[in-house]
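The primary structure of each chain is shown beneath.
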Amino acid sequence: MKLGVVGLPNVGKSTLFNAITKAGAQAENYPFCTIEPNTGVVMVPDSRLQVLAEMYHPKKVTPTTIEFVDIAGLVKGASRGEGLGNKFLSHIREVDAIVHVVRCFENENIIHVDGSVDPVRDIETINLELIFADMETVTRRREKAQKNFRGGDKKAGAEAELADAIYQHLEKGLPARTYPANEEEREILNSWFLLTTKPVIYAANISEDDLGKPENEIPFAREVRKVADSEHAEMIVISAAIEEEIAQMDPEEKEEFLQDLGIGQSGLDRLITACYHLLGLISFLTAGEDECRAWTITRGTKAPQAAGKIHTDFEKGFIRAEVVPFDTLVENGSMAACREKGLIRSEGKDYVMKDGDITLFRFNV
C-alpha cells in the first residue's frame, strides 16, 4: 500500500513526513528503510503480534507495512505544467491513496503561500489542479470513445456518455470519486486512472496548543471536516510538530507523553487506522516458532487468495484453511487448547477471511 503525502508549501507536510520516517526508524527489528530520499516504509502497529510473540517466542516478528511518498512541488498551474507540474501529477498517479495535509494553525513566523490561513481555499487549490488534469484525461477518453463508436463499437457509446457526465461533474469543481457511478460505470472509471478517483485522507495540521481539544472546538478543523464529509473522505486531526517530537521518544516515554496530552494514540497510528478504513483493508495473522506475521488483504478476500499473499503455490494448491479468531486464541491460551476444544475451524475455498484470523493454510502442489 502506497500513500502520497501532498500539501501546499508551509502547511507542515514535510514535518509530518519526517516524523513518519523517524517513527518508522524506531520500530523494533523491522522498521523503516529509505527506498528513495522522499519515500519511507513504516510498519503497521498491531498489538496482536506482540501477544502472539509472547506465546510462540518466534525467531522473528514481521508486521505488515505502508509506504509513504513525500510528493512535493505543487503550485497553482501544476495541471498546465507549472512548477514541477507533470512530475507532481505523475507521482500522485502511482499511489493508492492521498494524505492531504492542510494547515490549520496560525504562526506569524511561518508565512502562508497565499498570505493567510484558510483550509477550505487551500484544499480547493490542490483539488482544482487534480480536477483540471482529470478534465484533460476525460476529454481524450471521450474523443477516443466517440471515434470507436463511429467505427461500430457499441460499448464505446456508453463510455463516451460517461465521459460527458464525468466532465460536467468535474466542471462543477467536484472530484470524480463523488460521482454516483453504478458498477459498470465504476469499472470504466477505474480503467481511466483519474487522479480525483483516488481515496483521500485530510490531515488537519493543528497547533500544539489545540492538541487534545475536541475537534468541534477547533474552528479550522471544523472547516476541514465539512469538506471531508462532503467528499466521503477520511479526516484526522494531527499536530506535525508534536509528531516529530514523539518520533524521537522510546516506547515507554512515548506512551507517557501521549497520556499526558490526552490523545491516546499517536497521529501516525491514527493515520494508519484511517488508511485501512478508507481502503477497506484488514489483516490476518500467521504464527509459529519461526515467525509471527501480519498480512494485509482487502476486506472480502477469500481464503485461497489470502494464501496467495504468502506464496503463489499456496493459492494454486489450496486445500483448506485452519482458522481460529485471535480473541478465541487469547481466551484459551494456546493453539493446542483451541484444538482440544474443537475451536479451530476447517474452511474451504469459499471462506471469506476476517480481520484477526490466525490461519494455517494446507496446500498441495
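Look above for the structure.
About the thresholds
Residues numbered from 1 in each chain as written. Predicted model: local features only at pLDDT ≥ 70, side-chain atom pairs only at ≥ 80, totals over all residues. Heavy atoms only, no water. Buried < 20%, exposed > 50% of the residue type's maximum accessible area, 1.4 Å probe, protein only. Helix = DSSP H or I, 4+ residues; strand = E, 2+ residues; numbered from the N terminus. Pairing = 2+ DSSP bridges. Phe/Tyr/Trp six-rings, centres within 6.5 Å; stacked < 30°, edge-to-face > 60°. Lys NZ or Arg CZ within 6 Å of the ring centre and 35° of its normal.

Asker: Describe the pairing of strand β6 (residues 97-104), naming the residues involved and giving the relevant values.
Answerer: A large share of β6 lies buried, amounting to eight of its eight residues. Residues A97, V99, V101 and R103 line one face of β6 and the alternating positions I98, H100, V102 and C104 line the opposite face, and both faces are buried. One ladder, built from four bridges, connects strand β1 (residues 2-6) with β6; its direction is parallel. Its bridge partner lying in β6, G4 is registered against I98. Two elements, β6 and strand β7 (residues 200-206), share seven bridges in a ladder whose sense is parallel. From the neighbouring strand, H100 faces β7, where its bridge partner is Y202.

Asker: With reference to specific residues and values, describe the packing of aromatic side chains.
Answerer: Following the criterion strictly, the structure yields four aromatic pairs and no others. With centroids separated by 6.4 Å and ring planes inclined at 15 degrees, the aromatic side chains of F284 and W295 adopt a geometry described as stacked. Residue F284 is found in strand β9 (residues 281-286), and its partner W295 is found in strand β10 (residues 291-298); the two are separated by eleven residues along the sequence. Here F284 falls in the buried class, since its relative accessible area comes to 0%. Through a chain of ring-to-ring contacts, three or more aromatic side chains come together here, namely F284, W295, F318 and F361. Directly above the aromatic system of Y167 lies the positively charged group of R142, at a separation of 5.0 Å from the ring centroid. We note R293 situated over the ring of W295; from NZ or CZ to the ring centre the distance is 4.0 Å.

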